[in-house]
Amino acid sequence: MESHPPSSPGPAHEAVLLREVIDLLSPGAGEVILDCTAGDGGHAAALGRALGEIGTVIVCDLDAGCLAQAAGAVRGAVAPGVNVVEINANYAEAPRRLVDLGLAANLVIADLGFSSRQMDDAERGFSIRRDGPLDMRYCPSGPTAADYVNTLPAGELEDILRDLGEERKARAIVSKILAAREEQPIQTTGELAAIVRAVVAPFGRNRTHKIDPATRTFQALRIAVNDELGNLDALLSAVTRQAAQRASGASGGWLAAGARVGVISFHSLEDRRVKQAYSTVAGRGCGRLLTKKPVEASAEEVARNPRSRSAKLRVLEFIS
Ligand SMILES: C[S@@+](CC[C@H](N)C(=O)[O-])C[C@H]1O[C@@H](n2cnc3c(N)ncnc32)[C@H](O)[C@@H]1O
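Residues numbered from 1 in each chain as written. Predicted model: local features only at pLDDT ≥ 70, side-chain atom pairs only at ≥ 80, totals over all residues.

Q: Even after reading the chapter, I still don't get the site of the ligand, so can you show me in this structure?
A: Contacts to the ligand come from 22 residues, most closely from Ala15, Thr37, Gly39, Asp40 and Gly42. Classifying every residue of the shell around the ligand by side-chain character gives 7 nonpolar, 11 polar and 4 charged. (Near = placed C-beta within 6 Å. Nonpolar A, V, L, I, M, F, W, Y, C, P; charged D, E, K, R; others polar.)

So, in C-alpha coordinates, the structure goes:
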(Lines give C-alpha, C1' and ligand atoms only; values in the text may rest on other atoms or scores of the structure.)
Protein backbone atom coordinates (compact mmCIF):
# COMPACT_ATOMS: atom_id res chain seq x y z
CA MET A 1 0.00 0.00 0.00
CA GLU A 2 1.32 3.47 -0.88
CA SER A 3 1.99 5.87 1.95
CA HIS A 4 1.65 9.59 2.47
CA PRO A 5 4.88 11.26 3.48
CA PRO A 6 5.03 10.95 7.27
CA SER A 7 3.01 13.68 8.98
CA SER A 8 5.19 16.45 10.29
CA PRO A 9 6.24 15.91 13.89
CA GLY A 10 3.51 17.87 15.65
CA PRO A 11 2.20 17.33 19.14
CA ALA A 12 1.24 13.70 19.71
CA HIS A 13 -2.38 12.63 19.59
CA GLU A 14 -3.74 12.24 23.12
CA ALA A 15 -5.67 8.98 23.46
CA VAL A 16 -9.24 9.74 24.58
CA LEU A 17 -10.99 7.92 27.44
CA LEU A 18 -7.76 5.99 28.05
CA ARG A 19 -8.42 4.94 31.66
CA GLU A 20 -11.99 3.93 30.80
CA VAL A 21 -10.80 1.86 27.80
CA ILE A 22 -8.29 -0.03 29.95
CA ASP A 23 -10.75 -0.60 32.79
CA LEU A 24 -13.52 -1.87 30.51
CA LEU A 25 -11.40 -3.95 28.12
CA SER A 26 -9.30 -5.18 31.04
CA PRO A 27 -6.37 -6.91 29.28
CA GLY A 28 -4.91 -10.04 30.90
CA ALA A 29 -1.65 -11.97 30.52
CA GLY A 30 -1.32 -13.82 27.23
CA GLU A 31 -4.27 -12.13 25.54
CA VAL A 32 -4.42 -10.83 21.97
CA ILE A 33 -5.30 -7.16 21.47
CA LEU A 34 -6.43 -5.70 18.15
CA ASP A 35 -6.26 -1.91 17.79
CA CYS A 36 -8.18 -1.22 14.54
CA THR A 37 -7.19 2.46 14.39
CA ALA A 38 -3.72 2.60 15.92
CA GLY A 39 -3.02 6.32 15.26
CA ASP A 40 -0.19 7.41 17.53
CA GLY A 41 -0.46 4.16 19.49
CA GLY A 42 -1.69 5.69 22.75
CA HIS A 43 -4.44 3.12 23.36
CA ALA A 44 -2.43 0.22 21.95
CA ALA A 45 0.65 1.00 24.08
CA ALA A 46 -1.34 1.35 27.31
CA LEU A 47 -3.39 -1.80 26.62
CA GLY A 48 -0.21 -3.67 25.63
CA ARG A 49 1.53 -2.61 28.84
CA ALA A 50 -1.42 -3.91 30.83
CA LEU A 51 -0.90 -7.39 29.29
CA GLY A 52 2.11 -7.91 31.53
CA GLU A 53 4.86 -10.30 30.41
CA ILE A 54 3.23 -12.09 27.47
CA GLY A 55 0.61 -11.51 24.81
CA THR A 56 0.13 -9.97 21.38
CA VAL A 57 -0.72 -6.46 20.23
CA ILE A 58 -1.95 -6.12 16.64
CA VAL A 59 -1.84 -2.54 15.41
CA CYS A 60 -3.84 -1.70 12.28
CA ASP A 61 -4.00 1.63 10.47
CA LEU A 62 -4.67 2.66 6.88
CA ASP A 63 -2.09 5.42 7.23
CA ALA A 64 1.38 3.86 6.96
CA GLY A 65 2.98 6.81 8.78
CA CYS A 66 0.59 6.43 11.73
CA LEU A 67 1.10 2.69 11.79
CA ALA A 68 4.90 3.07 12.04
CA GLN A 69 4.45 5.63 14.81
CA ALA A 70 2.03 3.37 16.70
CA ALA A 71 4.16 0.24 16.32
CA GLY A 72 7.20 2.12 17.67
CA ALA A 73 5.21 3.42 20.64
CA VAL A 74 3.87 -0.05 21.44
CA ARG A 75 7.27 -1.75 21.14
CA GLY A 76 8.71 0.88 23.49
CA ALA A 77 5.97 0.26 26.05
CA VAL A 78 5.40 -3.49 26.24
CA ALA A 79 7.39 -6.29 27.90
CA PRO A 80 9.89 -8.17 25.67
CA GLY A 81 7.59 -11.22 25.62
CA VAL A 82 4.72 -9.31 23.99
CA ASN A 83 4.51 -9.72 20.18
CA VAL A 84 3.68 -6.68 18.07
CA VAL A 85 2.03 -7.33 14.70
CA GLU A 86 1.46 -4.55 12.14
CA ILE A 87 -1.39 -4.45 9.63
CA ASN A 88 -1.36 -1.57 7.15
CA ALA A 89 -4.93 -1.90 5.92
CA ASN A 90 -8.49 -0.79 6.29
CA TYR A 91 -9.82 -2.15 9.59
CA ALA A 92 -12.76 -3.58 7.62
CA GLU A 93 -10.20 -6.13 6.36
CA ALA A 94 -8.82 -6.86 9.84
CA PRO A 95 -11.11 -9.85 10.54
CA ARG A 96 -9.88 -11.67 7.44
CA ARG A 97 -6.25 -10.69 8.14
CA LEU A 98 -6.47 -12.13 11.66
CA VAL A 99 -7.88 -15.41 10.35
CA ASP A 100 -5.04 -15.55 7.79
CA LEU A 101 -2.54 -14.96 10.61
CA GLY A 102 -4.20 -17.65 12.75
CA LEU A 103 -4.92 -15.11 15.51
CA ALA A 104 -8.14 -14.57 17.47
CA ALA A 105 -8.42 -11.30 19.40
CA ASN A 106 -9.55 -11.25 23.03
CA LEU A 107 -10.08 -7.53 22.88
CA VAL A 108 -10.63 -4.97 20.17
CA ILE A 109 -10.55 -1.19 20.23
CA ALA A 110 -11.61 1.11 17.39
CA ASP A 111 -11.12 4.84 18.04
CA LEU A 112 -12.77 6.26 14.94
CA GLY A 113 -11.87 9.18 12.67
CA PHE A 114 -8.60 11.07 12.29
CA SER A 115 -5.76 11.73 14.72
CA SER A 116 -4.62 15.14 15.92
CA ARG A 117 -1.35 14.59 14.07
CA GLN A 118 -3.22 14.11 10.79
CA MET A 119 -5.42 17.11 11.51
CA ASP A 120 -2.46 19.34 12.33
CA ASP A 121 -0.59 18.44 9.13
CA ALA A 122 -1.83 20.93 6.50
CA GLU A 123 -0.56 18.66 3.70
CA ARG A 124 -3.15 16.01 4.59
CA GLY A 125 -6.04 18.35 3.85
CA PHE A 126 -8.15 17.67 6.97
CA SER A 127 -7.65 21.10 8.50
CA ILE A 128 -10.00 24.04 8.13
CA ARG A 129 -7.51 26.46 9.60
CA ARG A 130 -4.28 25.39 7.91
CA ASP A 131 -4.37 25.82 4.17
CA GLY A 132 -3.30 22.76 2.20
CA PRO A 133 -4.30 20.48 -0.65
CA LEU A 134 -7.93 19.37 -0.43
CA ASP A 135 -7.12 15.69 0.13
CA MET A 136 -8.64 14.18 3.35
CA ARG A 137 -7.70 10.56 2.57
CA TYR A 138 -6.22 8.30 5.23
CA CYS A 139 -4.17 6.55 2.54
CA PRO A 140 -3.22 7.83 -0.88
CA SER A 141 -5.55 5.83 -3.07
CA GLY A 142 -8.98 6.65 -4.45
CA PRO A 143 -10.57 10.05 -5.05
CA THR A 144 -9.64 13.03 -2.88
CA ALA A 145 -12.00 15.59 -1.37
CA ALA A 146 -11.00 17.89 -4.27
CA ASP A 147 -12.19 15.22 -6.73
CA TYR A 148 -15.51 15.10 -4.87
CA VAL A 149 -16.14 18.86 -4.82
CA ASN A 150 -14.97 19.41 -8.40
CA THR A 151 -16.69 16.52 -10.15
CA LEU A 152 -19.77 15.28 -8.27
CA PRO A 153 -23.20 16.33 -9.54
CA ALA A 154 -24.91 18.94 -7.36
CA GLY A 155 -27.51 16.52 -5.99
CA GLU A 156 -24.88 14.03 -4.78
CA LEU A 157 -22.80 16.73 -3.13
CA GLU A 158 -25.87 18.13 -1.44
CA ASP A 159 -26.81 14.68 -0.09
CA ILE A 160 -23.31 14.26 1.32
CA LEU A 161 -23.35 17.60 3.13
CA ARG A 162 -26.85 17.08 4.45
CA ASP A 163 -26.65 13.40 5.40
CA LEU A 164 -23.07 13.17 6.66
CA GLY A 165 -22.59 16.70 7.97
CA GLU A 166 -26.15 17.51 9.03
CA GLU A 167 -25.59 20.80 7.21
CA ARG A 168 -28.88 22.68 6.87
CA LYS A 169 -27.47 25.07 4.28
CA ALA A 170 -26.27 22.23 2.03
CA ARG A 171 -28.09 23.51 -1.07
CA ALA A 172 -26.72 27.05 -0.78
CA ILE A 173 -23.18 25.80 -0.13
CA VAL A 174 -23.33 23.46 -3.12
CA SER A 175 -24.56 26.19 -5.42
CA LYS A 176 -21.59 28.35 -4.32
CA ILE A 177 -19.25 25.40 -4.92
CA LEU A 178 -20.68 24.91 -8.41
CA ALA A 179 -20.23 28.59 -9.27
CA ALA A 180 -16.65 28.54 -7.96
CA ARG A 181 -15.64 25.36 -9.80
CA GLU A 182 -16.95 26.75 -13.08
CA GLU A 183 -14.30 29.46 -12.77
CA GLN A 184 -11.52 27.11 -11.68
CA PRO A 185 -11.17 23.86 -9.70
CA ILE A 186 -11.26 24.19 -5.91
CA GLN A 187 -7.88 22.88 -4.83
CA THR A 188 -7.20 23.84 -1.24
CA THR A 189 -8.83 23.56 2.17
CA GLY A 190 -8.63 27.34 2.46
CA GLU A 191 -10.57 27.85 -0.77
CA LEU A 192 -13.32 25.45 0.30
CA ALA A 193 -13.53 26.91 3.82
CA ALA A 194 -13.87 30.44 2.35
CA ILE A 195 -16.71 29.29 0.07
CA VAL A 196 -18.61 27.77 3.00
CA ARG A 197 -18.00 30.75 5.26
CA ALA A 198 -19.46 33.02 2.57
CA VAL A 199 -22.74 31.10 2.87
CA VAL A 200 -22.96 30.13 6.54
CA ALA A 201 -22.77 33.07 8.96
CA PRO A 202 -19.08 33.93 9.09
CA PHE A 203 -17.19 32.67 12.08
CA GLY A 204 -16.38 35.42 14.54
CA ARG A 205 -18.49 38.16 12.95
CA ASN A 206 -21.83 37.74 14.68
CA ARG A 207 -20.62 34.99 17.05
CA THR A 208 -23.65 32.81 16.31
CA HIS A 209 -21.30 29.87 15.70
CA LYS A 210 -19.18 28.34 18.41
CA ILE A 211 -17.44 26.22 15.79
CA ASP A 212 -16.11 27.22 12.40
CA PRO A 213 -19.05 27.23 9.94
CA ALA A 214 -17.07 25.00 7.57
CA THR A 215 -16.76 22.21 10.17
CA ARG A 216 -19.87 20.31 9.06
CA THR A 217 -18.90 20.45 5.38
CA PHE A 218 -15.38 19.21 6.13
CA GLN A 219 -16.75 16.42 8.34
CA ALA A 220 -19.19 15.33 5.63
CA LEU A 221 -16.52 15.22 2.92
CA ARG A 222 -14.05 13.34 5.15
CA ILE A 223 -16.67 10.71 5.98
CA ALA A 224 -17.60 10.32 2.30
CA VAL A 225 -14.04 10.28 0.92
CA ASN A 226 -13.00 7.54 3.37
CA ASP A 227 -16.33 5.66 3.37
CA GLU A 228 -16.18 5.86 7.15
CA LEU A 229 -19.71 4.61 7.75
CA GLY A 230 -19.30 1.72 5.28
CA ASN A 231 -16.13 0.61 7.08
CA LEU A 232 -17.77 0.85 10.49
CA ASP A 233 -20.76 -1.17 9.22
CA ALA A 234 -18.38 -3.85 7.89
CA LEU A 235 -16.58 -4.11 11.25
CA LEU A 236 -19.83 -4.24 13.22
CA SER A 237 -21.26 -6.91 10.89
CA ALA A 238 -18.13 -9.01 11.39
CA VAL A 239 -18.48 -8.63 15.18
CA THR A 240 -22.18 -9.56 15.05
CA ARG A 241 -21.55 -12.65 12.89
CA GLN A 242 -18.69 -13.81 15.06
CA ALA A 243 -20.74 -13.37 18.26
CA ALA A 244 -23.46 -15.60 16.78
CA GLN A 245 -20.92 -18.22 15.70
CA ARG A 246 -19.35 -18.31 19.17
CA ALA A 247 -22.76 -18.57 20.85
CA SER A 248 -23.60 -21.53 18.59
CA GLY A 249 -20.51 -23.31 19.87
CA ALA A 250 -18.50 -22.97 16.64
CA SER A 251 -14.75 -22.63 17.09
CA GLY A 252 -12.27 -20.58 15.04
CA GLY A 253 -12.74 -17.09 13.70
CA TRP A 254 -11.11 -13.74 14.41
CA LEU A 255 -12.51 -13.12 17.90
CA ALA A 256 -11.87 -15.38 20.90
CA ALA A 257 -14.48 -16.65 23.36
CA GLY A 258 -15.45 -13.89 25.78
CA ALA A 259 -14.02 -11.18 23.49
CA ARG A 260 -14.52 -7.54 24.51
CA VAL A 261 -15.04 -5.03 21.71
CA GLY A 262 -14.82 -1.27 22.36
CA VAL A 263 -15.70 1.46 19.87
CA ILE A 264 -15.13 5.17 20.44
CA SER A 265 -17.29 7.27 18.12
CA PHE A 266 -17.38 11.02 17.60
CA HIS A 267 -20.75 11.77 16.08
CA SER A 268 -24.28 10.45 16.17
CA LEU A 269 -24.14 8.69 12.79
CA GLU A 270 -21.40 6.44 14.17
CA ASP A 271 -22.74 6.02 17.69
CA ARG A 272 -26.19 5.03 16.41
CA ARG A 273 -24.64 2.19 14.42
CA VAL A 274 -22.59 0.90 17.34
CA LYS A 275 -25.57 1.08 19.69
CA GLN A 276 -27.77 -0.78 17.20
CA ALA A 277 -25.24 -3.54 16.50
CA TYR A 278 -24.47 -4.10 20.18
CA SER A 279 -28.18 -4.22 21.08
CA THR A 280 -28.70 -6.82 18.35
CA VAL A 281 -25.92 -9.03 19.74
CA ALA A 282 -27.17 -8.63 23.31
CA GLY A 283 -30.81 -9.13 22.27
CA ARG A 284 -29.90 -12.47 20.65
CA GLY A 285 -28.23 -13.56 23.88
CA CYS A 286 -24.77 -13.67 22.25
CA GLY A 287 -23.19 -10.86 24.26
CA ARG A 288 -23.70 -8.39 27.05
CA LEU A 289 -23.27 -4.63 27.16
CA LEU A 290 -20.49 -3.53 29.50
CA THR A 291 -21.69 0.04 28.94
CA LYS A 292 -25.46 0.42 29.26
CA LYS A 293 -25.00 4.07 28.27
CA PRO A 294 -22.00 5.36 26.33
CA VAL A 295 -19.08 6.42 28.49
CA GLU A 296 -18.13 10.08 27.97
CA ALA A 297 -15.08 12.11 28.93
CA SER A 298 -14.91 13.80 32.32
CA ALA A 299 -14.96 17.61 32.51
CA GLU A 300 -11.30 17.44 33.43
CA GLU A 301 -10.44 15.42 30.30
CA VAL A 302 -12.48 17.75 28.06
CA ALA A 303 -10.66 20.77 29.52
CA ARG A 304 -7.29 19.11 28.86
CA ASN A 305 -8.20 17.62 25.47
CA PRO A 306 -11.16 19.36 23.74
CA ARG A 307 -11.25 16.58 21.11
CA SER A 308 -12.66 14.25 23.79
CA ARG A 309 -15.78 16.46 24.06
CA SER A 310 -17.86 14.39 21.65
CA ALA A 311 -16.27 10.96 22.30
CA LYS A 312 -18.60 8.10 23.21
CA LEU A 313 -17.28 4.68 24.22
CA ARG A 314 -19.42 1.54 24.06
CA VAL A 315 -18.11 -1.90 24.98
CA LEU A 316 -19.62 -5.31 24.21
CA GLU A 317 -18.54 -8.63 25.74
CA PHE A 318 -19.20 -11.97 24.06
CA ILE A 319 -21.11 -14.45 26.22
CA SER A 320 -19.02 -17.33 24.87
C1 LIG B 1 -8.50 8.80 16.36
S2 LIG B 1 -7.09 8.16 15.57
C3 LIG B 1 -6.62 6.88 16.67
C4 LIG B 1 -5.75 7.36 17.78
C5 LIG B 1 -5.23 6.23 18.66
N6 LIG B 1 -6.31 5.57 19.36
C7 LIG B 1 -4.21 6.73 19.65
O8 LIG B 1 -4.35 6.47 20.85
O9 LIG B 1 -3.23 7.38 19.24
C10 LIG B 1 -7.78 7.27 14.25
C11 LIG B 1 -6.79 6.54 13.33
O12 LIG B 1 -7.57 5.65 12.55
C13 LIG B 1 -7.04 5.58 11.25
N14 LIG B 1 -8.13 5.14 10.40
C15 LIG B 1 -9.24 5.82 10.03
N16 LIG B 1 -10.04 5.04 9.30
C17 LIG B 1 -9.44 3.82 9.21
C18 LIG B 1 -9.79 2.59 8.60
N19 LIG B 1 -10.93 2.43 7.92
N20 LIG B 1 -8.94 1.55 8.73
C21 LIG B 1 -7.78 1.68 9.42
N22 LIG B 1 -7.39 2.82 10.00
C23 LIG B 1 -8.22 3.88 9.92
C24 LIG B 1 -6.53 6.98 10.98
O25 LIG B 1 -5.49 6.92 10.01
C26 LIG B 1 -6.01 7.40 12.37
O27 LIG B 1 -4.64 7.12 12.49
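Q: When you look at the pairing of strand 3 (residues 82-87) in this model, what are you seeing that I'm missing?
A: Here 6 bridges tie strand 2 (residues 55-60) to strand 3, and the two strands are oriented parallel to one another. Within strand 3, the residue paired with Ile58 across the bridge is Val85. For the crossover that starts at strand 2, traverses helix 3 (residues 64-77) and ends in the parallel strand 3, the hand is right-handed. (Pairing = 2+ DSSP bridges. Helix = DSSP H or I, 4+ residues; strand = E, 2+ residues; numbered from the N terminus. Right-handed = clockwise from strand over helix to strand, strands pointing away.)

Q: Would you explain the pairing of strand 2 in this entry?
A: Remember that side chains alternate between the two faces of the sheet whenever the strand is regular. Counting buried positions over the 6 residues of strand 2 gives 6, a clear majority of the element. Crossover strand 1 (residues 32-35) to strand 2 through helix 2 (residues 42-49) is right-handed. (Buried ≥ 20, exposed ≤ 12 C-beta atoms within 10 Å, placed from the backbone.)

Q: Would you explain the sheet that holds strand 1 in this entry?
A: Sheets are built from strands paired through backbone hydrogen bonds, the pairs being either parallel or antiparallel. In space, the 7 strands of this open sheet follow the order 3-2-1-4-5-7-6, with mixed pairing throughout. The open sheet has two edge strands with one neighbour each: strand 3 and strand 6 (287-289). Strand-to-strand, the axes of this sheet are offset by a mean angle of 15°, without reference to chain direction. Where strand 5 (residues 255-265) and strand 7 (residues 312-318) come together, 6 bridges link them in antiparallel fashion. Considered in strand 7, the bridge of Arg260 is made with Glu317. Here helix 12 (residues 268-283) sits on the sheet and contacts strand 5, strand 6 and strand 7; the angle it forms with strand 7, its principal contact strand, is near 20°. (Axes fitted to C-alpha atoms, helices over the stretch in contact; angles between N-to-C directions. Contact = placed C-beta atoms within 7 Å.)

Q: What's the story with unusual backbone geometry in this structure? I'm lost.
A: With glycine set apart, most residues show a phi of negative sign, and most peptide bonds adopt trans. Although it is not a glycine, Leu17 sits at a positive phi angle of roughly 50°. Looking at the element boundaries, Leu17 is found in the segment before helix 1 (18-25).

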